[in-house]
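Here are the chains, one letter per residue:
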Amino acid sequence: MNRKGKIVVILCAILFALCSLWLSGLLPRQIAAVVAKNHLAAHDGMGYSLQAIEFSPYHDGYFAYFLRGEEQRTIGISSQYLPLWVSYDSEMEP
């Protein structure tokens, strides 16, 4: 196999691995955790520790649960496969 063929095989393997991780939900869950942590940092959320992150099929998004002492804060991140925007923050309720 020539060099070009090896590169194509390696790229296909990497693409397959990324697609598998993405569709299994592992990568979107990690992205949601990063988005939630960045949202807290931008909105005076220092001192919170991430307790859990779970997918809600009813809301088609992720919920990240943070704890600081006795105070709990919930962040909702929209979209199952591309969780990039915060749709809910328990501290910013009307």
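Please refer to the structure higher up on the page.
Residues numbered from 1 in each chain as written. Predicted model: local features only at pLDDT ≥ 70, side-chain atom pairs only at ≥ 80, totals over all residues. Heavy atoms only, no water.

## Observations regarding unusual backbone geometry
Rules: Put simply, DSSP marks the helices as runs of H or I at least four residues long and the strands as runs of E at least two long, and each gets a number from the N terminus on.
Of note, Asp60 is a non-glycine position whose phi angle comes to about 55 degrees, a positive value. Within the secondary structure, Asp60 is located in the loop between β1 (49–56) and β2 (61–68). Look at Ser79: it is not a glycine, yet its phi comes out positive at around 85 degrees. With respect to the secondary-structure elements, Ser79 resides in the loop between β3 (71–78) and β4 (85–89).

## Things to note about the pattern of salt bridges
Inclusion rule: By salt bridge we mean one thing: a side-chain nitrogen of Lys or Arg within 4 Å of a carboxyl oxygen of Asp or Glu. Burial here depends on accessible area, computed with a 1.4 Å probe over protein chains only, as a share of the maximum for the residue type. Under 20% is buried, over 50% is exposed, and the range in between is partly exposed.
By the definition in use, this model includes two salt bridges. For Arg68, the salt bridge identified is with Glu71, shortest N-O distance 3.3 Å. Judged by relative accessible area, which is 32%, Arg68 ranks as partly exposed. Its salt-bridge partner being Arg73, residue Asp89 comes within 2.8 Å of it at the nearest N-O pair. Residue Asp89 is located in strand β4, and its partner Arg73 is located in strand β3; the two are separated by 16 residues in the primary sequence. For the pair Asp89 and Arg73, one class covers both residues: buried.

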